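The lines below spell out each chain.
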Amino acid sequence: MSNVPQVKIPATYMRGGTSKGVFFNIEDLPERCQQPGEARDKLLMRVIGSPDPYEKQIDGMGGATSSTSKTVLLAKSQSDDHDVDYLFGQVGIDKAFVDWSGNCGNLSAAVGPFAITNGLVDKSRVPDNGIATVRIWQANIGKTIVARVPMTNGEVQETGDFQLDGVTFPAAEVAVEFMDPADGEGAMFPTGNVVDDLEVPGIGILKATMINAGIPTIFVNAEDIGYEGTELQPAINGDPEALARFELIRAHGAVKMGLIKTPEEAANRGHTPKVAFVAPPKDYVSSSGKDIKAGDVDVLVRALSMGKLHHAMMGTAAVAIATASAVPGTLVNLAAGGGDRTSVTFGHPSGTLQVGAEASQVNGQWTATKAVMSRSARVLMEGWVRVPGDSF
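Residues numbered from 1 in each chain as written. Predicted model: local features only at pLDDT ≥ 70, side-chain atom pairs only at ≥ 80, totals over all residues. Heavy atoms only, no water.

Asks: Help me understand the overall build of the protein chain in this model?
Replies: The secondary structure content of the protein chain amounts to six helices and 20 strands. Across its three principal directions, the C-alpha atoms of the protein chain cover 55 × 55 × 45 Å. For the protein chain, with 392 residues in total, the buried portion stands at 53%. Carbon and sulfur atoms provide 48% of the accessible area of the protein chain, an area that totals close to 16,600 Å². (Helix = DSSP H or I, 4+ residues; strand = E, 2+ residues; numbered from the N terminus. Buried < 20%, exposed > 50% of the residue type's maximum accessible area, 1.4 Å probe, protein only. Areas by Shrake-Rupley, 256 points an atom, 1.4 Å probe, with all protein chains shown as cover.)

Asks: So what exactly am I meant to see when it comes to the pairing of strand β4 (residues 84-91) here?
Replies: Looking along a regular strand, one sees side chains alternate from face to face of the sheet. Here β4 lies mainly inside the structure; eight of its eight residues are buried. Side chains Val84, Tyr86, Phe88 and Gln90 of β4 all project onto a buried face; the interleaved residues Asp85, Leu87, Gly89 and Val91 project onto the opposite face, where all are buried too. Relative to β4, strand β3 (residues 70-76) runs antiparallel, the two being bridged by seven bridges. When the sheet's bridge partners are listed, leucine 74 is paired in β4 with tyrosine 86. Here β4 runs beside strand β6 (residues 130-138); their pairing, made up of three bridges, is parallel. Bridging across to β6, valine 84 finds its partner in isoleucine 136. Across two bridges, β4 lies against strand β5 (residues 98-99) in antiparallel orientation. Note that in β5 the partner of valine 91 across the bridge is valine 98. What sits between the antiparallel neighbours β4 and β5 is a turn of six residues. (Pairing = 2+ DSSP bridges.)

Asks: What am I meant to see in the pairing of strand β20 (residues 365-388) here?
Replies: Bridge count between strand β1 (residues 6-16) and β20: 11 bridges; the pairing is antiparallel. For tyrosine 13, the partnering residue across the bridge sits in β20 and is methionine 381. Sheet topology note: the strand β9 (residues 173-179)/β20 ladder contains seven bridges and is antiparallel. Residue pairing across strands places valine 174 opposite arginine 375, the latter belonging to β20.

Asks: Got a minute to help me understand unusual backbone geometry in this structure?
Replies: Across residues other than glycine, the phi torsion is negative in most instances, and most of the peptide bonds are trans. Note that the residue after serine 50, namely proline 51, is joined by a cis bond; omega there is -5°. A cis amide bond links threonine 272 to the next residue, proline 273, at an omega of -5°. Structurally, the position occupied by proline 273 is in the loop between α4 (240-256) and β13 (274-279). Phi at alanine 64 is positive, roughly 65°, even though this residue is not glycine. Along the chain, the position of alanine 64 falls in the loop between α1 (38-48) and β3.

Asks: What is the right way to read empty space enclosed by the protein from this model?
Replies: Summary: where empty space remains is shown by rolling a probe the size of a single water molecule over the atoms. The full count for this structure, using the stated rule, is four cavities of 30 Å³ or more. Of the voids in this model, the largest cavity is the one considered here, and its volume is about 70 Å³. Together, 14 residues line the largest cavity, and Lys70, Cys104, Met314, Gly315 and Thr316 are the ones closest to its centre. Secondary structure elements with two or more residues in the lining of the largest cavity: α2 (105-117) and α5 (315-325). (1 Å grid on protein atoms, 1.4 Å probe; cavity = no way out; pocket = protein on both sides within 12 Å on 5 of 7 lines; lining within 4 Å. Points joined across faces, edges and corners; volume = space filled by probe spheres on them.)

Asks: Would you mind showing me how to read the layout of surface pockets here?
Replies: Taken as a whole, the largest pocket encloses approximately 1,100 Å³ of empty space. If you go around the largest pocket, you meet 45 residues; those closest to its centre are Ala64, Thr65, Ser66, Ile93 and Ser305. Among the elements of the structure, β2 (19-25), β4, α3 (233-237), α4, β17 (308-309) and β20 are those that each provide at least two residues to the lining of the largest pocket.

Asks: Would you mind going over α4 with me for this structure?
Replies: Helix length check: α4 (17 residues) gives 25 Å between terminal C-alpha atoms against 24 Å at 1.5 Å per residue, within 8%. Of the positions making up α4, those classed as buried are Ala242, Leu243, Phe246, Ile249, Arg250, Ala251, His252, Gly253 and Ala254. Once α4 ends, the next one or two residues include glycine 258, with phi positive near 80°. (Expected span 1.5 Å × (residues − 1).)

Asks: Before we go on, may I ask you to explain the side chain of asparagine 221 in this structure?
Replies: Looking at the element boundaries, asparagine 221 is found in strand β12 (residues 215-221). Owing to a relative accessible area of 19%, asparagine 221 belongs among the buried residues under this scheme. Ignoring any residue separated from it by four or fewer positions in sequence, one finds asparagine 221 in contact with Lys207, Phe277, Val278 and Leu331. (Contact = heavy atoms within 4.5 Å.)

Asks: Would you mind showing me how to read the pattern of salt bridges here?
Replies: Should the charged atoms of two oppositely charged side chains come close, the side chains can pair. Taken as a whole and judged by the stated rule, the model has 12 salt bridges. In this structure, the salt-bridge partner of lysine 42 is glutamate 38, at a minimum N-O distance of 3.1 Å. Of this pair, lysine 42 and glutamate 38 are both found in helix α1, four residues apart, which corresponds to roughly one turn of the helix. The class of lysine 42 is partly exposed, set by a relative accessible area of 37%. (Salt bridge = Lys/Arg side-chain N within 4 Å of Asp/Glu carboxyl O.)

Asks: Whenever I open this one, the environment of methionine 314 confuses me. Can you help?
Replies: You can see methionine 314 is positioned in the loop between β17 and α5. For the pair methionine 314 and asparagine 106, spaced 208 residues apart in sequence, the C-alpha separation works out to 6.4 Å. Ignoring sequence-local partners within four residues, the contact set of methionine 314 consists of Asn106, Lys274, Ala303, Leu304 and Ser305.

Now the structure itself:
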């Protein structure tokens, strides 16, 4: 019988927004895992419990959904303009990969609290009472995030009265600002158009808004693919043919956005881009049984993450929704009634969310200065995770 000792690694299990994940100070990782590469990926997969052909992640910290199969690596920032460097890893569930291609907007809300509690933010920048402004460098996408973290008696305040649809219990509000959320290397609209004709074999030609803000996202009209925009998870996730169609849309949209060269490459890039469908406001009942009235929202949005309909909304996709809504003529803007707007309230499977964004045209190109939303975060457990020493 083999006997390989387990390795103990300091870690914190946190909820951020409607996601949760395992947080590490990168200096606490085994030395060979402090740099990008196979050892790091194997370690994080083993922590989460992947790859798992049963798709349950029973032998790890993951929760068998895209929202709960997440890891975060943090370090004191190398830049004087930031407090903490933040790297996000989306771990596959049944497949052996860690996707580093994008950010997690929900877990961004937990980065500031973790950084303060773990001494990654200079004490001179953290008040005993009030709001601590934490400047975060999002290393996956090379962007700045500003988190405003409430402090009470020298400690991060985690409990409060802020209610976030998709999270059962109230907590303290953390305002998160995504600065200059559009792609820094390319256009916010990679094709140069706010609406394109996207040809998808076996489906046809779909009107699509393809935007790179927050996270690359492909928006299509719900009615064009046979939906109302009021669907909950069972209607999509219980239909393998529907999931396959969405993956086709995602793959061909990714090619048109210039993210990959062939549709087949999408299989190795599950985290990005996202695909979502939009519709004008309608009454519906959320997954918690809450009545959402058409008058409560400006637009309905349903988004898929890692091949499944999300139970609420990814934070980065919310940034894409806010930014697209601020640009006249996009499918999101049109479904919300058109015109100029700096904020939007959208309906998702768990309820509603208000997000704000500012967008303008510069030299004929659309750009965004920032997107803002409120989230909450809480430590669920802290101590050590253990992984077999031969697993990485």
